[in-house]
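Inside the fold
Chain by chain, the residues:
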Amino acid sequence: MTLSEMIAVHDENALAALANVGIVRRAKRDFEAGKATVETRDDTQATVTSDGKSVTVPATGLDAATCDCPSTGVCRHIILAAFALRADTPAPAVKSAPDDLHTLTEEDLRKFAGADWDKAINLARISTAAKIDADGVNLSVHLPDLEFPVVFLAGQGLSGAVFKGAKSAKRRVTAAAALVARQHGGAQALDQITQDDAQSAFLSAEFLAQVQSAITGAVTGVFGGGSVIAEDMLFDLSISARAQSAPRLTSLLRALVHQARLARAHHFDFRDDRFLADAALTYALAKALEKHPEDTQLTGTLRRTYRDSDSFDLIMLGAVRWHAASGARGLRLYGFAPDQNAWYTTSQARGAGMDPGFAPENAYFGPLWGAGTAKDITGTQVTLRQARVSSDQQISWDQASAAPTHAPDVIAQLNNAGAVFANWDDAQDDIAIRSPAGLRRMGSAVPILFAPSDIGNANFEDINQQYQLPIIDQTRASWNLTLSAKQHETVAWLQDNKANIRVLFCEATVVDLRLRLSPVSVMIGQQMINLSLDPLPEAKSTFGDRARSFLKSKISSGSTPAQAPLSAIEQLGNAVFDATAEVMRFGQSNTLLALADQAETLQLALLAQALRDLSQTPDANQAMRVSYLASEIMRS
């Protein structure tokens, strides 16, 4: 590539990717003020006097340019020289960056990535939601987990791509961005790429020890003000083949990286207790995986072992689309077996980067067990034959057959089995009984059926961008459903149709140490309506008008809903997180021993001892132990 061709692709956005927007703006003003002169120029290099400094620009790229000012990297004088060179000669035609990437082979990418090839593939597979923008002849690819985009400059190849992140990560990040862009452009799907080191997927004790060390380093760094190195290590571990074999660990590591970046930016979304709880959970998971590396409830893998089952009846109650932080996505369908008083699920899913044409909603409208589509059988009872079922009551999507039983009223059967709750205290007890214990609880959703007496007015939380919609039981006690800001029409529809709802089906999950109810489906008459997958039936008047009227009159924005008083255990848990954060910031906390006494009074002996140990040994390992125990008692 000649100097003229190289300079031609460096527009203002490309220059900003090399330096920053502020430097580019100042350099442009200097150029317009006549502060740059091209002294010599040929096809291989040029010399420019930039605001009194001598700049040499080779055809190999601006990142190889030199300036006699004391600044390091691409300084203002180099950017000013680029403006002068762009104006000095008309820009020649060059092939676009997307075309460059399209013509590359897998071998080209593999050779560029070198030892980082497997990590590049893993990073690409969890980054299918990347933001891809064509900018003239250049291409910007911003991977979701990274602070800076990769900018591919036309004609510059992979080595000439611009990435302002850590130099040690440039090869794998650039290769991953190229893989994502190539899939987006139709050149090669990610599930057609071959990884090299299948053996590296084993969760070794050495790898898990590295994870634990990185977590304690991140905790120390976040509260001590120097988390960048630990962030990079955590992210590096999260995209390794070993971490990819445990999707749950991958997701937690990526979430910790995100929180560490929020802390470094002093972002208002960062919370000490959330970070400590998540760090402790990830630390404990790594510990548990040392002893149980193939436990699917710990690893979160999609693969299961299925066994033949006898025939049984199943009432199908709702379907949920899901997308995991690991990049996996799928459809989960729930059923209840009244004769067994047991819940079952069946799923169709794809791992990160696999089968880009797969969409969970298509599975919902596709055939299931020969009994119709998943949509058709929702709200009905089927007899399941020749089914294969896993130990955690997951039914194989592909290895079963079913026939409708034409039950006259499935609600009566659900009530007779005690599966529908009209008292929220009883529902909470049932959720507690059916929730997995300890680490196996994380990420798991517990299905629950409600028969609400009423639905109250919704409240919109500006900070969380969520609706809290209270459902009322037969004793007039309330429990909030949580819906996202995008579900405003669903909120209005539920309120508008509350008198007709016979059964409300929800998923109960633990989020930020609190039990969250997410509505999945409702039964009106004999019809089960999936709230996120089915079109919501319109009322007699225009639904849009009714929704707008409801949202205007019934939803209070910006206010905080009244909260139930915190229990003694919740108050203790909050105080423990505050004290632990204080220890990590300042090396000590005067409240630890008093909190230990409180824990002992509440018969929380393990937490009491952990607090005393933290007082004696105020380090990150002890902080993880205390934080895990505190989060467990609050979740319970």
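Not measured: the values here are computed from a predicted model. (Residues numbered from 1 in each chain as written. Predicted model: local features only at pLDDT ≥ 70, side-chain atom pairs only at ≥ 80, totals over all residues. Heavy atoms only, no water.)

A word on the overall build of the protein
Across its full length, the protein holds 24 helices and 26 strands. In terms of its C-alpha atoms, the protein occupies a principal-axis envelope of roughly 90 × 60 × 55 Å. The burial tally for the protein puts 51% of its 636 residues in the buried class. Taking all contacts inside the protein whose residues are at least 6 apart in sequence as the whole, residues at least 24 apart take part in 62%. Carbon and sulfur atoms form 48% of the exposed surface of the protein, whose accessible area is close to 28,900 Å². Charge separation in the protein, taken as the distance between the mean sites of 58 positive and 70 negative side-chain charges, equals 2 Å. (Helix = DSSP H or I, 4+ residues; strand = E, 2+ residues; numbered from the N terminus. Buried < 20%, exposed > 50% of the residue type's maximum accessible area, 1.4 Å probe, protein only. Contact = heavy atoms within 4.5 Å. Areas by Shrake-Rupley, 256 points an atom, 1.4 Å probe, with all protein chains shown as cover. Lys, Arg positive; Asp, Glu negative; His and termini not counted. Charge placed at Lys NZ, Arg CZ, Asp CG, Glu CD.)

What about the pattern of salt bridges?
In this structure the tally under the stated criterion is 29 salt bridges. Salt-bridge contacts for Arg110 lead to Glu106; the nearest nitrogen and oxygen are separated by 3.1 Å. Linking Arg110 with Glu106, this pair stays in helix α6 (residues 106–113), spanning four residues, or about one helical turn. When the shortest N-O distance is used, the salt bridge between Arg261 and Glu231 registers 3.7 Å. (Salt bridge = Lys/Arg side-chain N within 4 Å of Asp/Glu carboxyl O.)

Here we look at the packing of helix α13 (residues 272–291) against helix α21 (residues 568–586)
The geometry of α13 relative to α21 is characterised by a closest axis approach of 9 Å and an angle of 85° between their N-to-C directions. By the angle between their axes, α13 is roughly perpendicular relative to α21. Note on element contacts: α21 touches α13 through Phe577, Thr580, Ala581 and Arg585, opposite Asp272, Asp273, Leu276 and Ala277. Grouping the amino acids of the contact of α13 with α21 by side-chain chemistry returns four nonpolar, one polar and three charged. (Axes fitted to C-alpha atoms, helices over the stretch in contact; angles between N-to-C directions. Parallel < 35°, antiparallel > 145°, perpendicular 65-115°, else oblique. Nonpolar A, V, L, I, M, F, W, Y, C, P; charged D, E, K, R; others polar.)

As for the environment of Pro247
Among the secondary structure elements, Pro247 is positioned in helix α12 (residues 247–264). Residues Pro247 and Pro452, 205 residues apart in the sequence, show an inter-C-alpha distance of 36 Å.

As for the sheet that holds strand β8 (residues 162–163)
Strands in a sheet are paired, the pairing made by backbone hydrogen bonds, and the direction either parallel or antiparallel. Across the sheet, four strands lie side by side as β5-β6-β7-β8; this open sheet has antiparallel pairing. A single partner strand is all that each edge strand has here, and the edge strands are β5 (131–135) and β8. Of the pairings in the sheet, the one linking strand β6 (residues 138–142) to strand β7 (residues 150–152) comprises three bridges and is antiparallel in character. Bridge pairing in β7 links Val141 to Val150. Across the face of the sheet, helix α8 (residues 170–184) comes into contact with β5, β6, β7 and β8 while running at roughly 65° to β7. (Pairing = 2+ DSSP bridges.)

Quick notes on the packing of aromatic side chains
Counting across every chain of the model gives eleven aromatic pairs. Residues Tyr364 and Phe365 carry aromatic rings whose centres are separated by 4.9 Å and whose planes lie at 75° to one another, so their mutual orientation is edge-to-face. Judged by centre distance (5.8 Å) and plane angle (80°), the rings of Phe450 and Trp479 are edge-to-face. Within this pair, whereas Phe450 is found in strand β18 (residues 446–450), its partner Trp479 is found in strand β22 (residues 478–484), the two being separated by 29 residues in sequence. By way of ring pairs, the aromatic residues Tyr334, Phe336, Trp343 and Phe505 are connected into one cluster. The ring centre of Phe358 lies 4.5 Å from the NZ or CZ of Arg350, which sits over that ring. (Phe/Tyr/Trp six-rings, centres within 6.5 Å; stacked < 30°, edge-to-face > 60°. Lys NZ or Arg CZ within 6 Å of the ring centre and 35° of its normal.)

A word on the confidence of the model for the protein
Looking at the protein as a whole, the pLDDT averages 87, with 92% of positions reaching at least 70. When the criterion is pLDDT under 50, residues 540–544 qualifies, and its contacts beyond four places in sequence or with other chains add up to four contacts. (pLDDT = per-residue confidence, 0-100.)

Topic: helix α22 (residues 592–601)
Those residues of α22 not exposed but buried are Leu592, Leu595, Ala596 and Ala599. End-on, the buried residues of α22 take up no more than an arc of 105°, which puts them together on one face. Buried residues along α22 sit against α21 and α23 (605–616). Gln603 sits one or two residues past α22 and shows a positive phi near 65°. (Arc of directions from axis to C-beta.)

Focus on the sheet that holds strand β1 (residues 36–41)
The antiparallel open sheet is built from four strands, whose spatial order is β1-β2-β3-β4. The open sheet has two free edges, formed respectively by β1 and β4 (66–67), since each of these has just one partner strand. Bridging between strand β3 (residues 53–58) and β4 involves two bridges; their strand directions are antiparallel. From the neighbouring strand, Val55 faces β4, where its bridge partner is Cys67.

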